[in-house]
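# Residue-level structural notes
Chain by chain, the residues:
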Amino acid sequence: NLTPLGVLASEPTKILLARARIPTVSSIASVAIENAFYTASVLVVLIAGTWMLLQRADVPPGLEQIAEGILIVIAIAGAVGAWAARTRPAVLSRLAPIITRLAGRADAPADAVREVEARIYGVLQWPASRLLHVTAWEGVFHILAVAEVWLVLRLLPGGDQITVTDAFMMESAGRFVTIAFKFVPYRLGIDEVGSGAVAAVLGLPTATGVTLALVRRLRIIVLNIAGLTRLVHVR
């Protein structure tokens, strides 16, 4: 959130913090696996939200084109994911020799890379109960996000008629912006434009969408301050 590095900063940071408690191989694999589950859950949210949005008769042509583009990208991502699950390409294993040369530590890094890859593909053999457990947590995340949007909109002037469906569409649009523009620190200006446009489609004042974006950014800033304070304390 604080830097333009996006996932290039956030995911390695998770690994560094996690490996203080678990082995490096486990921390890398766990972050990669969680990202896979998160990505799959986001695709489901985007598909549902985009479909609902396209049912609106008053969707501007520009926003409709963006929605159709999202569906195309999701279809491609789903096809690539299905292909990877079926063929299990040894992408990381092929990169292992390069990582070994860069690390200059004989075969240790290469072996670790292969183990990470094996653990990632090992998810396909997980028991159904474990898959459902992780999926349920991802679902809780999205439910709480929609609940946050619904609560904020209901508290704003004129929010008495806000439905859960409206909140879901606002959240799905916000989730797309979060992913597509993660490289922009705090997505300054982008959240407001996207949220305002979707609010207008839903028949709400543009200012309502902008206010929602500002409130959610305030929440992110508060959490960032708490997280950085904790991080400094731990270090």
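Before reading on, note that the structure itself is shown above.
Okay, so let's go over this structure. Position numbers for residues start from 1 in each chain and track the written sequence from start to end. The predicted origin of the model limits local features to residues at a pLDDT of at least 70 and limits the giving and counting of side-chain atom pairs to 80 or more, whereas totals for whole chains, interfaces and linings rest on all residues. Processing note: side-chain calculations cover all non-hydrogen atoms of the structure and skip hydrogens and water entirely.

## A word on the overall build of the protein chain
Going along the chain from the N terminus, every DSSP run of H or I of four or more residues is numbered as a helix, and every run of E of two or more is numbered as a strand. Looking only at helices and strands, the protein chain has 9 helices and 0 strands in total. Scanning the protein chain from its N terminus toward the C terminus, one meets helices and strands in the order α-α-α-α-α-α-α-α-α. When its C-alpha atoms are laid out on the principal axes, the protein chain stretches across 65 × 45 × 35 Å. For the protein chain, buried positions account for 30% of its 235 residues. Three exposure classes are used, based on accessible area relative to the maximum for each residue type with a 1.4 Å probe and protein chains only: buried under 20%, partly exposed in between, and exposed over 50%.

## Quick look at the packing of helix α2 (residues 24-54) against helix α7 (residues 164-180)
Interhelical geometry of α2 versus α7 gives an angle of 125 degrees and a closest axis separation of 9 Å. The orientation of α2 relative to α7 falls into the category oblique. For the pair α2 and α7, the sense of crossing is left-handed. Touching Tyr38, Val42, Val45, Leu46, Ala48, Gly49, Met52 and Leu53 of α2 are Thr165, Phe168, Met169, Ser172, Arg175, Phe176 and Ile179, all from α7. Fitted lines through C-alpha atoms serve as axes, helices being fitted only where they are in contact, and the angles separating the N-to-C directions of these axes extend from 0 to 180 degrees. Throughout, the term roughly parallel applies to angles under 35 degrees, roughly antiparallel to angles over 145, roughly perpendicular to angles from 65 to 115, and oblique to all others. By definition, any crossing whose near helix is turned counterclockwise from its far helix by less than a right angle is left-handed, and any crossing with a clockwise turn is right-handed. Only heavy atoms enter the contact rule, under which two residues are in contact if any of them lie within 4.5 Å.

## Thoughts on the pattern of salt bridges
In the sections that follow, a salt bridge refers to a side-chain nitrogen of Lys or Arg positioned within 4 Å of a carboxyl oxygen of Asp or Glu. The tally for this structure, following the rule as stated, stands at 9 salt bridges. A salt bridge links Glu171 to Arg175; the shortest N-O distance between them is 2.8 Å. Here Arg175 and Glu171 lie together in helix α7, a separation of 4 residues that amounts to about one turn. Judged by its relative accessible area of 10%, Arg175 is buried. Where Asp191 meets Arg187, a salt bridge forms, and the shortest distance between an N and an O atom there is 3.1 Å. Connected through salt bridges with shared partners, the residues Glu148, Glu171, Arg175, Arg216 and Arg219 form a single ionic network.

## Quick look at the packing of aromatic side chains
A pair of aromatic rings is counted whenever rings of Phe, Tyr or Trp (Trp by its six-membered ring) have centres within 6.5 Å, and the orientation is called stacked for planes under 30 degrees apart, edge-to-face for over 60 and tilted otherwise. Summed over all chains, the structure comprises 2 aromatic pairs. Aromatic side chains Tyr38 and Phe141 sit 6.0 Å apart centroid to centroid with 70 degrees between the ring planes, which places their arrangement in the edge-to-face category. Of the two residues, Tyr38 sits in helix α2 while Phe141 sits in helix α6 (residues 128-155), which places them 103 residues apart along the sequence. Note on Phe141: relative accessible area 36%, which makes it partly exposed. A ring has a charge above it when a Lys NZ or an Arg CZ is no more than 6 Å from the ring centre and no more than 35 degrees off the ring normal. In this structure, Arg130 is placed above the aromatic ring of Trp126, and the distance from its NZ or CZ to the ring centre is 5.1 Å.

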